[in-house]
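What the coordinates show
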Amino acid sequence: MKKLKSKFLLAEANIDETNKQLKINMFVIAVVIFLLGINTIHFFREKSLFYAALVALMIFLLFFIIKSRKLLKLRKQELTNQI
């Protein structure tokens, strides 16, 4: 029987898994930046509180996504130094 992985754990990740997560993380950052730009444009046009809240939420999410990317890079650096 094959043992199925339940989820990604940074402490148990190898270099390939870390690289895969870095690629996914970069894609998510690009999507969030795109949505942030669109929401900012809508906010400037309509001066809506809804779009202002979305812009603030996107900035908040982007902050945490970038922090997670730093952790992934740190783990990758640790793994490459062990080899």
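Report on the accompanying structure.

Quick notes on the rules
Residues numbered from 1 in each chain as written. Predicted model: local features only at pLDDT ≥ 70, side-chain atom pairs only at ≥ 80, totals over all residues. Heavy atoms only, no water. Axes fitted to C-alpha atoms, helices over the stretch in contact; angles between N-to-C directions. Helix = DSSP H or I, 4+ residues; strand = E, 2+ residues; numbered from the N terminus. Parallel < 35°, antiparallel > 145°, perpendicular 65-115°, else oblique. Left-handed = near helix turned anticlockwise from the far one by under 90°. Nonpolar A, V, L, I, M, F, W, Y, C, P; charged D, E, K, R; others polar. Core = buried A, V, L, I, M, F, W, Y, C linked by side-chain atoms within 4.5 Å. Buried < 20%, exposed > 50% of the residue type's maximum accessible area, 1.4 Å probe, protein only. Contact = heavy atoms within 4.5 Å. Phe/Tyr/Trp six-rings, centres within 6.5 Å; stacked < 30°, edge-to-face > 60°. Expected span 1.5 Å × (residues − 1). Polar contact = N/O pair within 3.5 Å; in protein donor to acceptor, adjacent residues only side chain to side chain. Salt bridge = Lys/Arg side-chain N within 4 Å of Asp/Glu carboxyl O.

Axis separation between helix 1 (residues 15-46) and helix 2 (residues 49-82) bottoms out at 9 Å; the angle between their running directions is 160°. Considered as vectors, helix 1 and helix 2 are oriented roughly antiparallel to each other. When the axes of helix 1 and helix 2 are compared, the crossing they make is left-handed. Taken together, the residues that form the contact of helix 1 with helix 2 break down as 21 nonpolar, 9 polar and 5 charged.

Another aspect to go through is the nonpolar core. Grouped together as the largest cluster of nonpolar side chains are 7 residues: Ile-29, Val-32, Leu-36, Val-55, Met-58, Leu-62 and Ile-65. For this core, the secondary-structure elements that each account for two or more residues are helix 1 and helix 2. Per element, the largest residue contribution to this core is 4 residues, and it comes from helix 2. Those residues in contact with Ile-29, other than ones at most four positions away along the chain, are Leu-62, Ile-65, Ile-66 and Arg-69.

Now for the environment of Arg-75. Mapped onto the secondary structure, Arg-75 falls in helix 2. The spatial distance from the C-alpha of Arg-75 to the C-alpha of Ile-15 is 8.5 Å, given a sequence separation of 60 residues.

All chains considered together, the criterion is met by 4 aromatic pairs. Taking the centre distance of 5.9 Å and the plane angle of 45° together, the rings of Phe-43 and Phe-44 count as tilted. The class of Phe-44 is exposed, set by a relative accessible area of 54%. One aromatic cluster is present, built from ring pairs that chain together Phe-60, Phe-63 and Phe-64.

This part takes up helix 2. Taking 1.5 Å as the rise per residue, helix 2 with 34 residues should run 50 Å; its terminal C-alpha atoms sit 50 Å apart, in good agreement. Where helix 2 is concerned, the buried positions are Tyr-51, Val-55, Met-58, Leu-62, Ile-65, Arg-69, Leu-72, Arg-75 and Leu-79. Where helix 2 begins, one side-chain oxygen reaches toward the backbone nitrogen of Phe-50, 3.2 Å away; that side chain belongs to Ser-48.

This part covers the pattern of salt bridges. This model, assessed by the stated rule, comprises 1 salt bridge. Notably, a salt bridge pairs Arg-75 with Glu-78, separated by 3.5 Å at the nearest N-O pair. Taken together, the residues Arg-75 and Glu-78, both in helix 2 and 3 residues apart, mark about one turn of the helix. Of the residues examined, Glu-78 reaches a relative accessible area of 38% and is grouped as partly exposed.

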